[in-house]
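Letter by letter, the chains look like this.
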Amino acid sequence: MDRREFLTATGTTVATMTAAQYSRVLGANDRLNTAVVGVNGRGKSHIRAVAANAGMNVGAVVDIDQSVAEKAVAYTKQYQQDAPKEYRDLRDMLADKEIDVVTIATTNHWHALSTIWAVQAGKDVYCEKPASHNIWEGRKMVEAARKYKRIVQVGQQSRSTPFKIEAIQRLREGVIGEVYMAKGLCFKRRKSIGSTAVSAVPPGVDYDIWLGPAQPYEFKQNRFHYNWHWHWAFGNGDIGNQGVHEMDVARWGLGIDHLPEHVFSAGGHFVYDDDQETPNTQHATFDYGGRMLQFEVRGLITGGECRLLEDSGGGNHTIGVLFFGSDGFLTISGRGYQTYLGEKRTPGPHRQSEGDSTALHFENFRKAALSRRVSDLNCDVLEGHLSAALCHLANISYRTGDKLLFDAETERFVGNFGANTLLKRDYRAPWIVPEEV
């Protein structure tokens, strides 16, 4: 049996367990043994959240960069007594029967395949945002989670943030009247990444695995740690990086559980002449009939909007969501939410931020993993797919330059061959997201 067959067979066995059987396997007082995949950036937050959770334990770290993995082991020991195992290849970790759950903080283009392989191996998954690198593979993630009966949470932690939950409830109760539009803002100052030449792969880096599903690219530092966000082969620009959080809140607040019929996005990569491919200025409009969702990215020097910059403490960034209604508007930032009511925009109900939203999101994930109920998740993979898909729709419109008609049932564009070619990628063997999961 080869590695893939082993993973699939293991997944089929574990996926059929009931909640009671799963609890007995874990043991009444055992913690969920967790592997964190991708530990250079956001993965450190995963390590902290897992190690701080009384019901979880960091059992392994996985990274293609040896120095990063070694540092992550030492970092983990600051938060828990036991040192985690260390892996380079995700597949070797998935064969470890002692691992119960997997958290994924890799490059975006690895999210789908990591999740699908993990659920096939019988692991529950916490996957960072955006759920997917493209729309097609996002749907495959949903299909895999359902087929193997796995719990898959997407790291859009707004869904577990108390003041944001309260803000959405206020909207449902009509605090600003009839909501007709939501606008997400990602005004996050991003300076030039400059230009770098092709260079040798750093010692200790398995660049072939890092490329994974992507086609071959010569190594450039500006396509590696973090700056991969600004290259289409690996990332999705800031609308799919920071912006997907605000996109998710906008969709959540509007109560939308489907993709739109029309989308148009325009913008550009202005001011800087560097290696970045994705836009640093972008505007997107999604038409939902009686309601509208807008999104705007500004990476250059800019002001705020609707007092959101002031309410979030000032500085270089304006990140949040605006909801406009017949009786006023509501703003959500990282510091809390605020309402402004009537013609005079009188301040109304509000609440400030408190608690660690990442820790709360991981705790929600842990509880759902034990209950085996998808309905217990605050951000199931389907929610993650829909919010990520909005970012992908905007990027496809931007890249084609077209206003696009979209069929939400088939998740394909109507009458636009070029746009449909961007719904998925050409995968590089053996790192292929399968048609049949």
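Going by the structure above, here's the rest.
Analysis parameters
- Residues numbered from 1 in each chain as written.
- Predicted model: local features only at pLDDT ≥ 70, side-chain atom pairs only at ≥ 80, totals over all residues.
- Heavy atoms only, no water.
- Core = buried A, V, L, I, M, F, W, Y, C linked by side-chain atoms within 4.5 Å.
- Buried < 20%, exposed > 50% of the residue type's maximum accessible area, 1.4 Å probe, protein only.
- Helix = DSSP H or I, 4+ residues; strand = E, 2+ residues; numbered from the N terminus.
- Contact = heavy atoms within 4.5 Å.
- Pairing = 2+ DSSP bridges.
- Arc of directions from axis to C-beta.
- Salt bridge = Lys/Arg side-chain N within 4 Å of Asp/Glu carboxyl O.

Details of the nonpolar core
Part 1: Counting 48 residues, the largest nonpolar core has Met 93, Leu 94, Val 102 and Trp 210 as the members making the most contacts within it.
Part 2: Broken down by element, the residue count for this core peaks at six residues, all from helix 6 (residues 111-120).
Part 3: If near-sequence neighbours (up to four positions away) are discounted, Met 93 is found in contact with Ala 35, Val 37, Ala 60, Val 62, Tyr 87, Ile 99 and Val 102.
Part 4: Membership of the second largest hydrophobic core comes to 43 residues, among which are Ala 167, Cys 186, Trp 252 and Phe 295.

With respect to the sheet that holds strand 12 (residues 328-333)
Part 1: Spatially, 14-13-12-11-7-10-9-8-15-16 is the arrangement adopted by the ten strands of the open sheet, whose pairing is mixed. For this open sheet the edge positions go to strand 14 (346-352) and strand 16 (412-413), each flanked by a neighbour on one side alone.
Part 2: Across six bridges, strand 12 lies against strand 13 (residues 336-341) in antiparallel orientation. If you follow Thr 331 over to strand 13, its bridge partner there is Gln 338.

A word on the pairing of strand 12
Part 1: Among the six residues of strand 12, six are classified as buried, and the element is accordingly described as predominantly covered.
Part 2: Alternating positions in strand 12 separate into two faces, Gly 328, Leu 330 and Ile 332 on one and Phe 329, Thr 331 and Ser 333 on the other, with burial throughout.
Part 3: Bridge count for strand 11 (residues 318-325) against strand 12 is six bridges, and the pairing is antiparallel. Looking at strand 12, one finds that Gly 325 is bridged to Gly 328.
Part 4: Turn length for the strand 11-strand 12 hairpin, with the two strands adjacent in sequence and antiparallel, is two residues.

Concerning helix 4 (residues 66-76)
Part 1: What helix 4 keeps buried is the set Val 68, Ala 69, Ala 72, Val 73, Tyr 75 and Thr 76. Across the axial projection of helix 4, the buried residues extend over an arc of 165°, all falling on one side.
Part 2: Its buried side turned inward, helix 4 meets helix 3 (42-52), strand 2 (56-62) and strand 3 (85-87).

Notes on the environment of Ile 432
Part 1: With respect to the element layout, Ile 432 can be found in the segment after helix 14 (417-420).
Part 2: Spatially, the C-alpha atom of Ile 432 lies 9.5 Å from that of Ala 214, the residues being 218 residues apart in sequence.
Part 3: Setting aside its immediate chain neighbours within four residues, Ile 432 contacts Leu 113 and Tyr 427.

Some thoughts on the pattern of salt bridges
A side chain with one charge may pair with a side chain of the opposite charge, provided their charged atoms come close.
Part 1: Throughout the structure, instances matching the rule amount to 27 salt bridges.
Part 2: Between Arg 428 and Asp 208 there is a salt bridge, with its nearest N and O atoms 2.8 Å apart. With Arg 428 in the segment after helix 14 and Asp 208 in helix 9 (residues 207-211), this residue pair connects regions lying 220 residues apart in the sequence.
Part 3: The salt bridge involving Glu 383 is made with Arg 251; its shortest N-O contact spans 2.7 Å. Of the two residues, Glu 383 is situated in helix 13 (residues 381-400) and Arg 251 in helix 10 (residues 243-254); the sequence distance between them amounts to 132 residues.
Part 4: When its relative accessible area of 26% is taken as the criterion, Glu 383 is described as partly exposed.
Part 5: Classification of Arg 251 by relative accessible area gives buried; the value is 2%.

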